[in-house]
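Chains, contacts and geometry: an overview
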Protein chains: 2
Amino acid sequence: MADKIFRVNMSDLSTSVEDVPQAWAGLGGRGLTSNIVAAEVPPTCHPLGPNNKLVFAPGLLSGTNAANSGRLSAGAKSPLTGTIKESNAGGTSAQFMARCGCKALIIEGQPKDDKWYALALSSDGVTISEETDLVGKGNHEVAESLKAKLEGKQGVITIGPAGEMKMTAANISVMDPDGNLRSNGRGGLGAVMGSKKIKYITIDPKDGTLDIADPEAFKAANRAFAKSLVDDQTSQALKTYGTNVLVNVINEAGGLPTRNFTAGQFDGHDNISGETMYDMIKERGGKPSHNCHPGCVIQCSQVFNDKDKKYKTSGFEYESIWAMGADCCVDNLDDIAEADSLMDDLGVDSIEVSVAFGVAMEAGVLDFGDGKEMCRMIKEDIGGGTPLGRILGNGAGSVGRSFGVTRVPVVKNQAIPAYDPRTVKGMAITYSTTPMGADHTTGYAVTANVLGVGGKVDPLSKEGQIELSRNLQIATAAIDSTGMCLFIAFAALDDPNCLPALIDLINARYGISLTGDDVTELGKSILKTERAFNQAAGFTNADDRLPEFFYNEPLPPHNLVVDFTGEEIDSFWDF
Amino acid sequence: MADKIFRVNMSDLSTSVEDVPQAWAGLGGRGLTSNIVAAEVPPTCHPLGPNNKLVFAPGLLSGTNAANSGRLSAGAKSPLTGTIKESNAGGTSAQFMARCGCKALIIEGQPKDDKWYALALSSDGVTISEETDLVGKGNHEVAESLKAKLEGKQGVITIGPAGEMKMTAANISVMDPDGNLRSNGRGGLGAVMGSKKIKYITIDPKDGTLDIADPEAFKAANRAFAKSLVDDQTSQALKTYGTNVLVNVINEAGGLPTRNFTAGQFDGHDNISGETMYDMIKERGGKPSHNCHPGCVIQCSQVFNDKDKKYKTSGFEYESIWAMGADCCVDNLDDIAEADSLMDDLGVDSIEVSVAFGVAMEAGVLDFGDGKEMCRMIKEDIGGGTPLGRILGNGAGSVGRSFGVTRVPVVKNQAIPAYDPRTVKGMAITYSTTPMGADHTTGYAVTANVLGVGGKVDPLSKEGQIELSRNLQIATAAIDSTGMCLFIAFAALDDPNCLPALIDLINARYGISLTGDDVTELGKSILKTERAFNQAAGFTNADDRLPEFFYNEPLPPHNLVVDFTGEEIDSFWDF
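Just so you know, these numbers come straight off a predicted model, no measurement behind them.

**Quick word on the overall build of chain A**
- When helices and strands are counted, chain A shows 24 helices and 17 strands.
- With respect to the three principal axes, the spread of C-alpha positions in chain A is 60 × 50 × 50 Å.
- Sorting the 575 residues of chain A into buried and exposed places 65% on the buried side.
- Partitioning the intrachain contacts of chain A with sequence separation of at least 6 by distance along the chain shows that 71% fall at a separation of at least 24.
- With the model as given, the accessible surface of chain A reaches about 18,300 Å², and the carbon-plus-sulfur share is 48%.
- Charge-centre separation for chain A: the mean point of 51 positive side chains lies 3 Å from the mean point of 74 negative side chains.

Given below as structure tokens:
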């Protein structure tokens, strides 16, 4: 079955299935969403108005049985940052969408009435129906309800009440194989889906499969690729402790932003660490390892149970735990798990909103360390859409502006995640320059800066950081186009067999002959396309800067500031 | 006495009196504040952080007895717009400051503790003292208290609770000769003063006078100038009905933005018009005409009493009355006066906050037309600093972002005032291009578009509007540097004797020989300086645009949209 573009117009409730334009034929995932947004969305449009478009695209390898290929990209102009945006997540939707022959789903327009709708996607195209029952419901209930109704056989993409209320920290959630939630977390794309009045999308793969141009070559490449992942040491640590293995590592490095980015180490780090979490999970009968999509061999997810051994949350990530933990000085993992579950249910980015709480604590809205009050505010204020809830649900920048706080850790209005750029200096470049607004995943310099993966670059010096971030951002843009989980990067950086195997997979799937250079060119081209959109939207080099306080306030314990000049940062784009 | 620069550093509580650098010698008012901000403020600094500076400057003619020369300019990087900002007001402070030999007061830095301070300015310089009594008090109480303490002999510059809370719609208020309030309204400069922890500034002129280089020529020029103002027809209308004479005029023109900019005429216009207001003032023993500073011959201000014939408000302007009235569909002038008085007391821009209410009404926070609820929210929410109050007190853009509204009438995040740019097309150019964010005063194309002053340019066509706005913006930047009230422009546009007399005044004051061309060059230079600051802060042509809905939603009754192309708008800067 040839891949098609599925298009939905919410202004007149029409749908169509279109041939793929030649320019998009070799693209998938982020490469495709960013190119579609760049081609079809006016850069200066209001992100929540009818001229923005929401695009979903599986990666180039999604739908195959290639290991770890189940990421779904979502793209639009972001209501949080005003930039182009791509955010990807695991779950089953990417694979099912690909098996429907859907290369991308483009949702445009906006209903003129106040009705809510659901989309049903299959290989026949998309149908639109009015939805009433699940409107206003949390993601947990939506997932439960649809899992039961669809007998767990379909993919689900959904927004929670935050997306319905068009909060700019609203995310989009997808279901994993067990019906738990994963999220396209960053950039407020849930608000875009809400602005189009779509509560959820179901994806029925029926018995759809994909054509593989060279099945034998594909099988061989997949074996080599999976072995590379399974053998990788970092991947093994992720399997045991999840991403939260990083709390102690980054704390030790002095780069764990604490108390709204005023210190680099957190006294309570042991209480919220991956090691402590592992013990709690084992003791309470949870699962330390869990795959978010079929075919994942890293399994960094987990099932975290509460004190009564009942399911509390999964996909419980380091960056969220850091944000609610160290950044808000909450050292109780159960409070953090409760907050994480509540945020998943409301459908908000747990990095953005937790950093927002750190700023709110600095403003005196609640006390640092008060995890219980944080949970109450998430539930009652954000969930209830109170004015305070709107301020928090619109992210860290919103809290800063609302309360006149000047220490607001955002770039392009998106919250800076769990690695302080004063102490992990490669991240200063990534946060500053990525077209996405502050985002650790776009160029994860923590690898060479702290983890000793892919070489070593002193995290405390600016030497070599621009080149490091540039290489990682280019590679990441390409990986984000394959449908691959970014965590394949650890193996790719350490094992010379990994990346060739990945390229072999793509070649075998499509009967083409990409080279490593082609992949690099793809990454460069994606970054340049994204940047051009942002420039047309009004962004300049002045937006490629960290907030002032990172340049002026030394961070204990290393007492360093960000010391890149504007010219140095801008040289990132010399490629 | 030679003019000096008075400088206050709030970080170390030091003060100094400095010679005027040569580059600033010929500047005053806006020309001076904008040049100082451009020279000394890092364009990318946080507007509420220690690196922003707040500058006050009387105009070139302030302190003399030239008619209408009492405007005080305040400048800084705006926390509302992120642009350079100048906002001017009448009152007595400009004249007193000039008589102290203070060409500009530059306030920099920020206290590291939580204390509040007051500044006392005299010809000896500035002294800083801790202030406790009046912190948290409204402007009315501050004015009353200081008027009594200083026996009405000093100028007062103050912020209300909104400025203390660093709300970005916070203004700076000055006292008029009767101790009533006038405001440097726009751009949130009150928040900058609050961020520097200065509650108020007193200005003691003692018996200071100014040197006039050629007293006889000055006297002659002043006679000619004042005659020109007094004879002008528009000025006479302003004297009788105040600026509110415009409600019926702009309603008739179909350009009175109504119900959050969804219509151009307001059914209730008669109830809130200048004519109705005049009758109410007369009936209640108020004053239809009142001067906001000594020497004003236009006297557009007034004293508006309540039903019990007690003082309610003054400086009750068309743009505020329009915003609370037509834009919020409130047709009760007493409710509007109450809201105006409350906003003056809290110290917020009554244009910005009222347009914010219009957006809040569209969001369903309160009902269109509910003036009583608007007053309650101003008092309890903005005054109390509740989360809703912060959202409202941060302006129209803040309300739009907080509640996900897409019809948000702002440019560079500043609320568009009382002339719809779809129907008064010259204003589309002014709002888009002025470096200040949407501001009617910077290039008041209403003159030729609607009032038939300074020629006629069809308001419904884009023909001739760019040139009109350009000429007005250049002239206005120059006038804003003289200390003159902008309302001299009506006479200047209609009477060929007016502008030469103004130039003669400046020449006689300083013993120089400016020509009309010099004045034009000054205006151009100010605009270019301001724009360069904005560009360094990250603004581009993409920011010189009206919100999307003005291009897409036709406005009844003329059913026009804004139809300037980007290239046309950008050609404004071809000078």
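**Remarks on the interface of chain A and chain B**
- Opposite the 26 residues of chain A that make contact, chain B presents 26 residues.
- In total, chain A and chain B occlude about 2,100 Å² of area from one another, counting both sides; carbon and sulfur atoms represent 54% of this.
- Area buried by chain A at its contact with chain B is led by His46(A), Thr406(A) and Glu548(A), which between them contribute 23% of it.
- Linking chain A with chain B are 0 salt bridges.
- At the boundary of chain A with chain B, the tally comes to 10 residue pairs in polar contact (both at pLDDT 80 or more).
- Among the elements of the structure, helix H15 (387-393) and helix H16 (396-403) of chain A are those that each provide at least two residues to the side of chain A that touches chain B.
- Here the side of chain A that touches chain B takes 4 residues from H15(A), the largest share from any one element.
- For the side of chain A that touches chain B, the residue count by class is 10 nonpolar, 11 polar and 5 charged.

**Here we look at the relation of the copies chain A and chain B**
- Under the fitted operation, chain A is carried onto chain B by 0.0 Å of movement along the axis and a turn of 180°, and the coordinates agree to an RMSD of 0.0 Å. Considering both components of the superposition, the chain copies are consistent with a two-fold axis. No C-alpha of chain A approaches the rotation axis more nearly than that of Pro387(A), which lies at 2.8 Å.
- Residue by residue, 100% of the interface of chain A is reproduced at the interface of chain B, so both copies engage with the same surface.

**Some points on the packing of aromatic side chains**
- The full count for this structure, using the stated rule, is 24 aromatic pairs over all chains.
- Relative to Tyr278(A), the ring of Tyr241(A) lies with its centre 5.5 Å away and its plane at 70°, an arrangement referred to as edge-to-face. Of the two residues, Tyr241(A) sits in helix H7 (residues 233-241) while Tyr278(A) sits in helix H10 (residues 274-283), which places them 37 residues apart along the sequence.
- For the ring pair Phe261(B) and Trp322(B), a centre distance of 5.8 Å and an interplane angle of 85° mean the geometry is edge-to-face. Here Trp322(B) lies in helix H11 (residues 318-327) and Phe261(B) lies in the loop between helix H8 (246-252) and helix H9 (269-272), a separation of 61 residues in the sequence. Both residues of the pair, Phe261(B) and Trp322(B), belong to the buried class.

**Observations concerning the pattern of salt bridges**
Residue and element names in this part refer to chain A.
- Tallied over the full model, the rule gives 59 salt bridges over all chains.
- A salt bridge links Glu352 to Arg186; the shortest N-O distance between them is 3.2 Å. Of the two residues, Glu352 sits in helix H13 (residues 350-362) while Arg186 sits in the loop between strand E11 (181-184) and helix H5 (189-195), which places them 166 residues apart along the sequence. Here Glu352 and Arg186 have matching classes, each one buried.

**Regarding the nonpolar core**
- Ranked by internal contacts, the top residues of the largest apolar core, which has 226 residues, are Phe357(A), Tyr419(A), Phe357(B) and Tyr419(B).
- Look past the residues within four positions of Phe357(B) in its chain and what remains in contact with it is Cys328(B), Leu366(B), Met374(B), Met377(B), Ile378(B), Ile382(B) and Leu392(B).

**Regarding the environment of Ile5(A)**
- Turning to its location among the elements, Ile5(A) is positioned in strand E1 (residues 4-9).
- When sequence neighbours within four positions are dropped, the list of residues in contact with Ile5(A) reads Ser16(A), Val17(A), Glu18(A), Asp19(A), Val20(A), Pro21(A), Trp24(A), Ala104(A) and Ile106(A).

**Focus on the sheet that holds strand E13 (residues 287-290) of chain B**
All names here are of chain B.
- Pairing within the open sheet is antiparallel, and its 3 strands lie in the order E13-E14-E15. Either end of the sheet is taken by a strand with one partner, and the two such strands are E13 and strand E15 (311-314). Looking at each pair of strands side by side, their axes are set apart by 25° on average, direction ignored.
- Relative to E15, strand E14 (residues 301-305) is paired through 3 bridges, and the arrangement is antiparallel.

Rules behind the numbers
- Residues numbered from 1 in each chain as written.
- Chains lettered and ligands numbered in written order.
- Predicted model: local features only at pLDDT ≥ 70, side-chain atom pairs only at ≥ 80, totals over all residues.
- Heavy atoms only, no water.
- Helix = DSSP H or I, 4+ residues; strand = E, 2+ residues; numbered from the N terminus.
- Buried < 20%, exposed > 50% of the residue type's maximum accessible area, 1.4 Å probe, protein only.
- Contact = heavy atoms within 4.5 Å.
- Areas by Shrake-Rupley, 256 points an atom, 1.4 Å probe, with all protein chains shown as cover.
- Lys, Arg positive; Asp, Glu negative; His and termini not counted.
- Charge placed at Lys NZ, Arg CZ, Asp CG, Glu CD.
- Buried area = accessible area lost by both parts, 1.4 Å probe.
- Salt bridge = Lys/Arg side-chain N within 4 Å of Asp/Glu carboxyl O.
- Polar contact = N/O pair within 3.5 Å; in protein donor to acceptor, adjacent residues only side chain to side chain.
- Nonpolar A, V, L, I, M, F, W, Y, C, P; charged D, E, K, R; others polar.
- Least-squares fit on C-alpha atoms with pLDDT ≥ 70 in both.
- Phe/Tyr/Trp six-rings, centres within 6.5 Å; stacked < 30°, edge-to-face > 60°.
- Core = buried A, V, L, I, M, F, W, Y, C linked by side-chain atoms within 4.5 Å.
- Pairing = 2+ DSSP bridges.
- Axes fitted to C-alpha atoms, helices over the stretch in contact; angles between N-to-C directions.

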